[in-house]
Amino acid sequence: MRRITRGEFITLLGGAAAARPLVARAQQPAVPVIGFLHSGSPEPSVNQVAAFRKGLREAGYVEGQNVAIEFRWAAGQDDRLPDLAVDLIRRRVAVIATPGSTPASLAAKATTTTMPIVFAIGTDPVAMGLVASLNRPGGNATGVSFQNVELVAKRLGMLRELAPGANRFVALVNPNTAFIDAIVEELQASASGLGLSIEILRAGTGREIDAAFVNLQKPGVALLVGPDAVFTSRRAQIVTLATRHVLPAIYYAREFAEIGGLISYGPNLADVYQQTGIYVGRVLKGEKPADLPVVQPTKFELVVNLNTARALGISIPSTLLATADEVIE
């Protein structure tokens, strides 16, 4: 038997040590990939995406460490969503997240009946065909329903209180949103119940938003901005136009009031995105969307921007100030 020299032994030992990390790396499981599908654009959604990542962290997932995210943005062109959804499925993501975007949720659902989907939408997911019921979704989708349509009546009542001298109440809506019929029906029913007439203005692009505000230059107009992911992305444009035309306006999310919108009432979108992230984490851990009940927020925020009120010469009723969750001044 040939004896191994000391030099040969060291060489063999070093080779074995070098091979061990390669074996360990080969045995490590692949990092799961989340597909993030949205109607809007990334720049106006920075805070919401941060909240989504926070929810993932609460569930034990940190992007770049044990999970990856593939973002797909339609930039206000909802007709691109089906192709973007197909692209994510080809990428073989583990789950598709569609927070804050009903069109994205519907596009994902129409594209796959097996891949898990976690949505966050502002209307009834049962009526939209996303789930069989709120408690037992029963399919491949679950998520958050934040009741933006159902809050239209409350917002319209606040707007009348905010602008008692208004003689023309106008609602700005996106005709391309998936639940436009439900929004218009709720607006008309709410206006009738308050003894008001409501005018519906439709706009789905930046150019159409500019054109809609041309019709709002006369005195006595009060504006309600309907819930929509495109409007959230274009909130700076909408708030700027409302301020320019000195319009008392109510919005559906605090993100509008934070950049100069007069008043907002609705769920906290950051909380909605955070909850979506938590649910995505639970799905990644093996829970099935069919067994995860749809979450419904129980708290809604009233945010008043007093700086804007003063600039517009609008007096905020004491009843609204007393019930405001936040007053910006």
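None of the values given here were measured: they were computed from a predicted structure.

J.: Any chance you could break down the overall build of the protein chain for me, citing the residues and the numbers?
T.: Counting secondary structure elements, the protein chain contains 13 helices and twelve strands. Residues classed as buried in the protein chain amount to 52% of the 329 residues present. Long-range pairs, those at least 24 residues apart, make up 70% of the contacts in the protein chain with a sequence separation of at least 6. Split by element, the accessible area of the protein chain, about 15,200 Å² in all, is 52% carbon and sulfur. Across the protein chain, the centroid of the 31 positively charged side chains sits 10 Å from that of the 28 negatively charged ones.

J.: For the pattern of salt bridges, give the residues involved together with the corresponding values.
T.: Where charged atoms of side chains with opposite charge meet at close range, the side chains can pair. For the coordinates displayed, the defined rule picks out twelve salt bridges. Across the pair Asp291 and Arg136 runs a salt bridge, and its minimum N-O distance is 3.6 Å. With Asp291 in the loop between helix H11 (269-284) and strand E11 (301-305) and Arg136 in the loop between strand E4 (117-121) and strand E5 (141-145), the pair connects residues that are 155 residues apart, well separated along the chain. Given the relative accessible area of 42%, Asp291 is considered partly exposed.

J.: With reference to specific residues and values, describe helix H4 (residues 102-111).
T.: The complete set of buried residues in H4 reads Thr102, Pro103, Ala104, Ser105, Ala107 and Ala108. Looking at the buried side of H4, the elements it contacts are strand E1 (33-38), helix H3 (81-90), strand E3 (95-99) and E4. At the N-terminal boundary of H4, the capping side chain belongs to Ser101, with an oxygen 3.2 Å from the backbone nitrogen of Ala104.

J.: Report on the pairing of strand E8 (residues 221-225), specifying residues and quantitative values.
T.: Remark: a regular strand shows side chains that alternate across the two faces of the sheet. With five of its five residues buried, E8 lies for the most part within the structure. The side-chain alternation of E8 yields two buried faces, one formed by Val221, Leu223 and Val225 and the other by Ala222 and Leu224. By the bridge criterion, five bridges tie strand E6 (residues 168-173) to E8 in an arrangement that is parallel. Across the sheet, the residue bridging to Phe169 is Ala222, located in E8. Relative to strand E9 (residues 249-251), E8 is paired through two bridges, and the arrangement is parallel. Across the sheet, residue Leu224 finds its bridge partner in E9, namely Ile250.

Rules of the game
Residues numbered from 1 in each chain as written. Predicted model: local features only at pLDDT ≥ 70, side-chain atom pairs only at ≥ 80, totals over all residues. Heavy atoms only, no water. Helix = DSSP H or I, 4+ residues; strand = E, 2+ residues; numbered from the N terminus. Buried < 20%, exposed > 50% of the residue type's maximum accessible area, 1.4 Å probe, protein only. Contact = heavy atoms within 4.5 Å. Areas by Shrake-Rupley, 256 points an atom, 1.4 Å probe, with all protein chains shown as cover. Lys, Arg positive; Asp, Glu negative; His and termini not counted. Charge placed at Lys NZ, Arg CZ, Asp CG, Glu CD. Salt bridge = Lys/Arg side-chain N within 4 Å of Asp/Glu carboxyl O. Polar contact = N/O pair within 3.5 Å; in protein donor to acceptor, adjacent residues only side chain to side chain. Pairing = 2+ DSSP bridges.

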